[in-house]
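A look at the structure
Read off the chains here:
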Amino acid sequence: MLELTIGEAAIACGGLLCANRDVLFKRIGSITIDSRKVLPDSLFIALHGEHIDGHRFIPAAMNSGAACVMSEVSVSYPHIRVRNTRIAMQKLAAYMRAKSGIPVLAVVGSVGKTSTRRMLSCVLGEKYNLLSTEGNFNNEYGLPQTLFRLEDTNDFAVLELGISNFGEMDRLGEIAKPNYALYTNIGNMHLENLGDRDGVLKAKTELIPHIAKDGMLFFNGEDDKLRSFVSPVPVTYFGMDESYPVYPSSIEQSGLNCTNFDLHFPDAVLPVSLPALGIHMVRNAVAAATVGLHLGLTPEQIVHGIESYTPVGHRGRIIELGDFTIVDDCYNAGPDSMRASINTLPHTGRRLALLGDMLELGETSPMLHYDLGKFAAEAKLDMLFTVGNLSEKITEGAKASGLNESYHLDEKDAAKFIISKLQKGDVLLVKASRGMLFEKLIDKITEELK
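Residues numbered from 1 in each chain as written. Predicted model: local features only at pLDDT ≥ 70, side-chain atom pairs only at ≥ 80, totals over all residues. Heavy atoms only, no water.

Phi is positive for Lys380, which is not a glycine, with a value near 65°. Its place among the elements puts Lys380 in the loop between helix H14 (365-378) and strand E18 (383-387). (Helix = DSSP H or I, 4+ residues; strand = E, 2+ residues; numbered from the N terminus.)

Summarising the element assignment, Leu384 is placed in strand E18. Leu384 sits 45 residues away from Leu429 along the chain, and the two C-alpha atoms are 9.5 Å apart. Sequence-distant contacts of Leu384, defined by excluding residues within four places in its chain, comprise Ala353, Leu355, Ala376, Ile394, Ala398, Leu403, Glu405, Ser406 and Tyr407. (Contact = heavy atoms within 4.5 Å.)

Moving on: the sheet that holds strand E13 (residues 258-265). With antiparallel pairing, the three strands of this open sheet are ordered in space as E12-E13-E14. A single partner strand is all that each edge strand has here, and the edge strands are strand E12 (247-254) and strand E14 (268-274). For this sheet, the mean angle separating the axes of adjacent strands, direction not counted, is 15°. Sheet analysis places E12 next to E13, joined by six bridges and oriented antiparallel. Looking at E13, one finds that Ser249 is bridged to Asp262. Along the sheet face, helix H11 (residues 279-294) touches E12, E13 and E14 and points at about 35° away from the line of E13. (Pairing = 2+ DSSP bridges. Axes fitted to C-alpha atoms, helices over the stretch in contact; angles between N-to-C directions.)

A separate point is the packing of helix H1 (residues 6-13) against helix H4 (residues 85-100). Running from amino to carboxyl end, H1 crosses H4 at an angle of 110°, the nearest separation of the two axes being 8 Å. By the angle class used here, H1 and H4 are roughly perpendicular. H1 and H4 meet at a crossing whose hand is right-handed. Touching Glu8, Ala9, Ala12 and Cys13 of H1 are Ala88, Lys91, Leu92, Tyr95 and Lys99, all from H4. Its residues assigned to classes, the contact of H1 with H4 shows six nonpolar, no polar and three charged. (Parallel < 35°, antiparallel > 145°, perpendicular 65-115°, else oblique. Left-handed = near helix turned anticlockwise from the far one by under 90°. Nonpolar A, V, L, I, M, F, W, Y, C, P; charged D, E, K, R; others polar.)

Let's shift gears to the sheet that holds strand E3 (residues 42-45). Pairing is mixed across the open sheet formed by five strands, whose spatial order is E1-E5-E4-E3-E2. On the outer flanks of this sheet lie strand E1 (16-18) and strand E2 (30-32), each paired with one strand and no other. Neighbouring strand axes in the sheet, compared pairwise and without regard to direction, differ in orientation by 20° on average. Where E3 and strand E4 (residues 68-71) come together, three bridges link them in parallel fashion. Its bridge partner being in E4, Phe44 is matched across the sheet by Val69. Each of E1, E4 and strand E5 (79-81) is contacted by H1, which is oriented at about 15° to E5, the strand it contacts most. Against the sheet, H4 contacts E2, E3 and E4, and its axis sits at roughly 120° relative to E4.

Our focus in this paragraph is the state of the cysteines. Linking two cysteines covalently through their sulfur atoms gives a disulfide. Going through the model one piece at a time under the given rule, you end up with zero disulfides. Cys68 provides the cysteine sulfur closest to Cys18, a residue in no disulfide bond, and the two sulfurs are 8.8 Å apart. Here Cys258 stays unpaired: no disulfide links it, and the sulfur of Cys122, its closest cysteine neighbor, is 15 Å away. (Disulfide = S-S within 2.5 Å.)

Mapping Asp41 onto the fold places it in the loop between E2 and E3. Here Asp41 falls in the partly exposed class, since its relative accessible area comes to 30%. Residues Asp41 and Arg315, 274 residues apart in the sequence, show an inter-C-alpha distance of 36 Å. Beyond its immediate chain neighbours, meaning those up to four positions away, Asp41 contacts Lys26, Arg27, Ile28, Gly29, Ser30, Gly65 and Ala67. (Buried < 20%, exposed > 50% of the residue type's maximum accessible area, 1.4 Å probe, protein only.)

As a further point, take the environment of Ser243. One can find Ser243 in the loop between strand E11 (235-238) and E12. Given the relative accessible area of 57%, Ser243 is considered exposed. Each C-alpha atom of the pair Ser243 and Gly221 lies 9.9 Å from the other, and the pair is 22 residues apart in sequence. There is a polar contact of 2.4 Å between the side chain of Ser243 and the side chain of Asp241. (Polar contact = N/O pair within 3.5 Å; in protein donor to acceptor, adjacent residues only side chain to side chain.)

Okay, H1 next. The element H1 is extensively covered by neighbouring structure, given that six of its eight residues are classed as buried. Residues of H1 that are buried: Ile6, Gly7, Ala9, Ala10, Ala12 and Cys13. On its buried face, H1 is in contact with E1, helix H2 (21-24), E4, E5 and H4. Two residues or fewer after H1 comes Gly14, characterised by a positive phi angle close to 75°.

Spatial relationships are all this shows, so hold off on functional conclusions.
Below you can see the structure in the form of structure tokens.
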């Protein structure tokens with residue numbers, strides 16, 4: 001991490017250092033909110049979690065070698081006393097970001113943030129030593145932990161920013177202070193809090209006042225909400241046709257692990273073999289290429305970066321099981337990402353889907369689930385399975401639109417029933433909101449088939 005003393009940290013977060021004078025100039029080796037990850041000379045931040053109060057673990061953190069703790073109460077160890085450890089942590093992260101002085105690109109949107117951020121990291125990593133968000137560390141707790149990993153050798157940062165309510169993006173922007181921001185789309189996500197897509201747009205664009213004066217926004221030009229947004233910051237649009245500065249052509253899927261296309265730059269056309277599935281991944285590549293071109297990368301560097309992309313976690317992971325294939329895309333789901341994933345299924349064999357509830361959609365939830373079922377039928381799925389209370393509407397919509405082989409299942413019986421329906425050459429898409437824990441269903445299916 002960047003060089004930081006305990007005294008400096010106390011000033012940065014507005015806290016009171018309660019320790020001997022010799023602690024004041026002691027260098028912090030790492031910062032953590034998890035007492036199990038404390039290393040020698042760590043600063044341990046005691047947060048109030050949803051179920052656990054981190055203050056309980058202060059003795060364990062000190063016994064593991066922490067140099068100091070950040071606490072809301074007085075303790076018998078060297079500590080920085082603050083009123084609110086969450087707010088103090090965010091102030092310290094904002095200080096670290098400012099201290100680094102490096103350009104920051106924020107990745108924002110309803111769908112595809114993580115895949116786009118990873119694609120950007122692959123591309124920009126061809127030129128820059130990057131700090132990039134890991135996992136789902138993209139909220140008011142995760143962003144500070146990402147920034148605490150900053151190193152003196154970093155010269156660029158790609159930070160994913162995720163929200164579910166108004167005000168959150170404003171607070172993330174105050175911490176990250178981006179030079180650039182890329183918006184993937186404005187979709188039907190978190191409608192329980194945000195109401196509708198206009199509310200989503202309003203919440204997501206709270207970031208824009210925090211963009212540097214000489215900064216740039218990169219908008220998906222095919223998103224109607226983004227296209228009509230009047231921005232005080234200059235905007236470069238990206239998209240899939242020749243009206244954009246970078247665009248693809250001759251898109252062909254090669255099996256389940258590769259999509260081939262030609263990528264058009266202002267002065268070059270280069271072939272690309274993207275090791276990922278689907279048109280939405282090509283769009284992510286185009287977004288990354290547009291940013292890369294603006295930031296001085298050559299077309300060759302950009303293509304090399306795109307071709308080094310690898311899917312992560314439960315995002316389009318391909319599981320080969322002898323005669324069958326599972327497309328594990330169960331990390332998260334909303335109406336737009338569900339449709340995109342269904343469209344990735346190849347037409348070489350039977351196309352099946354196991355879909356679950358899409359959460360946090362508010363009053364529109366029944367309609368959105370029903371419409372997804374209609375889409376599944378129109379997309380010519382051969383068979384549809386659903387699990388979850390809300391997803392019964394998916395089945396209803398599918399059957400109403402002619403997909404007769406559509407089954408709403410109880411979770412405990414789902415794996416065996418699905419296996420009984422499988423035939424040689426079938427491809428099964430598995431997707432639901434993260435809270436449905438569909439990875440457990442995948443485990444049950446794979447265990448039965450192995």
